[in-house]
Amino acid sequence: MKHFASLFFAVLLSFGAQAQGVITFEKELHDFGSVPEGTMATHEFKFKNTGNQPVVIANVQASCGCTTPDWTKTPVLPGKSGIIKAMYSSAGRPGVFNKTVTVTSNASVPSKVLTIKGDVVNKEQAKATMTPAQLAQSPRLALDRTAHDFGKIESGQQPSAKFTVKNTGKQPLELGMITSACNCIGYKSVPPVVKPGQSAVVELLYAQRQTGQMSDVATLSSNDLSGDVKVTLKANIVRDLTGSSMVKESSATVPFK
């Protein structure tokens, strides 16, 4: 009887060891090929839980700051699927790249390494390798306007402005990095892809720390081979809106109405 109990316990332990999630990727390497400089090269690695317990992705770590990962945050049940998204910023990084993201989870194999690679070429190089027909099929970025004036704002505020982006081309439009000499303009929200003929809203955040009448230019990169677009943000930045709205009336200071 004692021997039977020991055997039964061993079987339970064996069963428990086998009860685990298993991550099975469709592929573990993605080659982007030629990537026009300025675009955000994005790929979703799809996986399926082929085990018998839920899989939880604990962390996804990129090998460099130029690669930004995202992943399925909720538990992936047995038989269900999830994604690991890898995004490579090609702005200012011409040449061949080979980067990895390390996926950590509670699966039977707790660590998996995924690889993305490609060759970043500037837009002139990309255009030189394309036929007129291919160029005609490329995406085209059109903005509803190229400037926004916030008027008078208080120092320390970070207002945002919304612009409408339309893809007038024939291929999906992908927005890339946004750059400015002041390093004070960034994305607040940006659509990953704008389909041909469709429009989307891009919201830009203005974080200028200086005071005075400011005018800053931001460059929005994309996979539009005709070139990048520029947007100007303006503002009259004062130290204190309350103080600046006071006027003197006979020697008494009263709020401006």
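In this text, all values refer to a predicted model and were calculated from it rather than measured experimentally. (Residues numbered from 1 in each chain as written. Predicted model: local features only at pLDDT ≥ 70, side-chain atom pairs only at ≥ 80, totals over all residues. Heavy atoms only, no water.)

### Description of the pattern of salt bridges
Move 1: Tallied over the entire structure, the rule returns six salt bridges.
Move 2: Taking the shortest distance from any N to any O, the salt bridge between Glu28 and Lys112 comes out at 3.3 Å. Of this pair, Glu28 sits in the loop between strand S1 (23–25) and strand S2 (29–36) while Lys112 sits in strand S8 (residues 111–121), and the two are 84 residues apart along the sequence.
Move 3: A residue is classified by how much of its surface remains accessible, and Glu28, at 36% relative accessible area, is partly exposed.
Move 4: Salt-bridge contacts for Arg145 lead to Asp144; the nearest nitrogen and oxygen are separated by 3.3 Å.
Move 5: Exposure remark for Asp144: the relative accessible area of 45% places this residue in the partly exposed category. (Salt bridge = Lys/Arg side-chain N within 4 Å of Asp/Glu carboxyl O. Helix = DSSP H or I, 4+ residues; strand = E, 2+ residues; numbered from the N terminus. Buried < 20%, exposed > 50% of the residue type's maximum accessible area, 1.4 Å probe, protein only.)

### A word on the layout of surface pockets
Move 1: Space inside the largest pocket adds up to approximately 470 Å³.
Move 2: Residue assignment for the lining of the largest pocket shows that the elements contributing at least two residues are S2, strand S3 (40–49) and helix H2 (123–128).
Move 3: Here the lining of the largest pocket gets four residues from one element, more than from any other, and that element is S2.
Move 4: Partitioning the lining of the largest pocket into residue classes produces 11 nonpolar, 10 polar and one charged.
Move 5: Estimated volume of the second largest pocket: approximately 280 Å³.
Move 6: Going through the elements one at a time, S3, strand S6 (81–89) and strand S12 (175–180) are the ones with two or more residues in the lining of the second largest pocket.
Move 7: Residue composition of the lining of the second largest pocket, by class: eight nonpolar, two polar and two charged. (1 Å grid on protein atoms, 1.4 Å probe; cavity = no way out; pocket = protein on both sides within 12 Å on 5 of 7 lines; lining within 4 Å. Points joined across faces, edges and corners; volume = space filled by probe spheres on them. Nonpolar A, V, L, I, M, F, W, Y, C, P; charged D, E, K, R; others polar.)

### A look at the environment of Leu77
Move 1: For Leu77, the location among the structural elements is in the loop between strand S5 (67–71) and S6.
Move 2: For Leu77, a relative accessible area of 47% corresponds to the partly exposed category.
Move 3: Once the C-alpha coordinates of Leu77 and Gln53 are considered, the two residues, 24 residues apart in sequence, prove to be 6.7 Å apart.
Move 4: Apart from residues no more than four positions distant in its own chain, Leu77 is found in contact with Asn49 and Pro54. (Contact = heavy atoms within 4.5 Å.)

Remember that the coordinates give geometry; whether it matters functionally is a separate question.
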